[in-house]
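# A closer look at the structure
Below are the chains, spelled out letter by letter.
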Amino acid sequence: MRHTLSDYSIVLALVAMLLDVVTAHTKLYFVGTKDGMHPRRKFIRPSMGNGPIRDLNDPLLLCRSLGMDPKRTEIMPVVAGTEVIVEWHHFNDTKADNVISPSHQGPCLVYMAPLESNGLGNSWFKIYEQGFNVERNMWCTDIVRENHGKLSVKIPTKISNGEYILRPEMIALHNARRLGEAQFYPSCVQLSVTGATGGSPKMYSIDKLYSPTEPGILFDKKKGGAGYVIPGPPVYSP
């Protein structure tokens, strides 16, 4: 069978499209502090891949991980009040400019849960959120890309000492004008917090964090980010 130049062009186009889909996605590769980043994937729960979660009832929305046994992941010691830095990259690619596709714009959110809960039930509280920065005309994902994949979040002081799951998440809104097409990119880090002074944040269940029709999830990005309402519960503020 003879293949024409157009046949090869179609194949190359399909390959390019598939590569674009793969490299558009992201997951956590590093965690650390201003004193330095830890080795690749250390303290981060095993990931099922770099693809998104779309179904809010999917159990993988918890950590996007098939390795939910806490004993499989080391625990990072951290003092309350410390800025923890998490770093996202494409699958198998940790170059500084390969973080997430520029088209995959949206907010960043960070939650914590006691490790003993393993993230089940009403165990999560939000410690950070960033949506659209009007002054810079940039989404949080744009700022993460600008920072070569890094996002910094302060561990609250008014919580109990102990072991926690830290769950950073980016939400891509490029297709979110259609119901069920917002893309969620969560990952989970295991922490041991000391130096905290105590507190009782209100906790939520992962499957109750978001509604598929709330304005921050069902959203037409073409209308611009000004006035965007970040989804989920409020940030814990004791």
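Owing to the predicted nature of the structure, the values given are computational and were not obtained by experimental measurement.

A sheet is described by the order of its strands in space; here 4 strands give the open sequence E2-E1-E4-E9, paired in antiparallel fashion. In this open sheet, the two strands that pair with only one neighbour each are strand E2 (36–37) and strand E9 (150–154). Where strand E1 (residues 27–33) meets E2, 2 bridges bridge the pair, whose relative direction is antiparallel. If you follow Gly32 over to E2, its bridge partner there is Met37.

A separate point is the packing of aromatic side chains. Applying the stated criterion to the full structure yields 8 aromatic pairs. Taking 5.8 Å as the distance between ring centres and 75° as the angle between the ring planes, the aromatic pair formed by Phe125 and Tyr236 counts as edge-to-face. Taken as a pair, Phe125 in strand E6 (residues 125–130) and Tyr236 in the segment after strand E12 (189–194) lie far apart in primary sequence, 111 residues in all. Look at Trp139 and Phe219: their rings are 6.0 Å apart centre to centre, the planes differ by 75°, and that puts the pair in the edge-to-face class. In this pair, Trp139 is assigned in strand E8 (residues 138–139) and Phe219 in the segment after E12, connecting sequence segments 80 residues apart. The exposure classification of Trp139 matches that of Phe219, with both residues buried. Aromatic ring contacts, followed pair by pair, group Phe132, Trp139, Phe219 and Tyr228 into a single cluster.

So, on to the side chain of Thr73. Take Thr73: it is sitting in the loop between E2 and strand E3 (76–79). Residue Thr73 is classed as buried on the basis of its relative accessible area, which comes to 9%. Not counting chain neighbours up to four residues away, the residues in contact with Thr73 comprise Phe43, Ile44, Arg45, Pro46 and Gln190.

This next bit is on the pairing of E6. Summarising burial for E6: 5 of the 6 residues are buried, a large majority. Taken together, the 5 bridges between strand E5 (residues 108–114) and E6 define a ladder with antiparallel strand orientation. When the bridges of E6 are listed, Cys108 appears paired with Gln130.

According to the stated counting rule, one finds 2 disulfides in the structure shown. Put simply, Cys63 and Cys188 are joined by a disulfide, and their sulfur atoms are 2.0 Å apart. Of note, the bridge from Cys63 to Cys188 carries an S-S torsion of about -85° and is left-handed in sense. Taken together, the residues span a long stretch of sequence, with Cys63 in the loop between E2 and E3 and Cys188 in the loop between strand E11 (183–186) and E12 at a distance of 125 residues. The partner cysteine of Cys108 in its disulfide is Cys140, sulfur to sulfur 2.1 Å. Given an S-S torsion of about -105°, the disulfide between Cys108 and Cys140 has left-handed geometry. Taken as a pair, Cys108 in strand E5 and Cys140 in helix H2 (residues 140–146) lie far apart in primary sequence, 32 residues in all.

Met112, Ile127, Leu151, Ile155, Ile159, Leu166 and Val193 are the most contacted members of the largest nonpolar core, which totals 34 residues. The leading source of residues in this core is strand E10 (residues 162–172), at 4 residues. In contact with Leu166, other than residues within four places in its own chain, are Val84, Val86, Val110, Tyr111, Met112, Ile127, Ile155, Ser187, Cys188, Val189 and Leu191. With 26 residues, the next largest nonpolar core counts Leu61, Ala176, Leu209 and Phe219 among its residues.

So, how was this worked out
- Residues numbered from 1 in each chain as written.
- Predicted model: local features only at pLDDT ≥ 70, side-chain atom pairs only at ≥ 80, totals over all residues.
- Heavy atoms only, no water.
- Pairing = 2+ DSSP bridges.
- Helix = DSSP H or I, 4+ residues; strand = E, 2+ residues; numbered from the N terminus.
- Phe/Tyr/Trp six-rings, centres within 6.5 Å; stacked < 30°, edge-to-face > 60°.
- Buried < 20%, exposed > 50% of the residue type's maximum accessible area, 1.4 Å probe, protein only.
- Contact = heavy atoms within 4.5 Å.
- Disulfide = S-S within 2.5 Å.
- Core = buried A, V, L, I, M, F, W, Y, C linked by side-chain atoms within 4.5 Å.

From the geometry alone we can't say anything about function, so treat these as descriptive.
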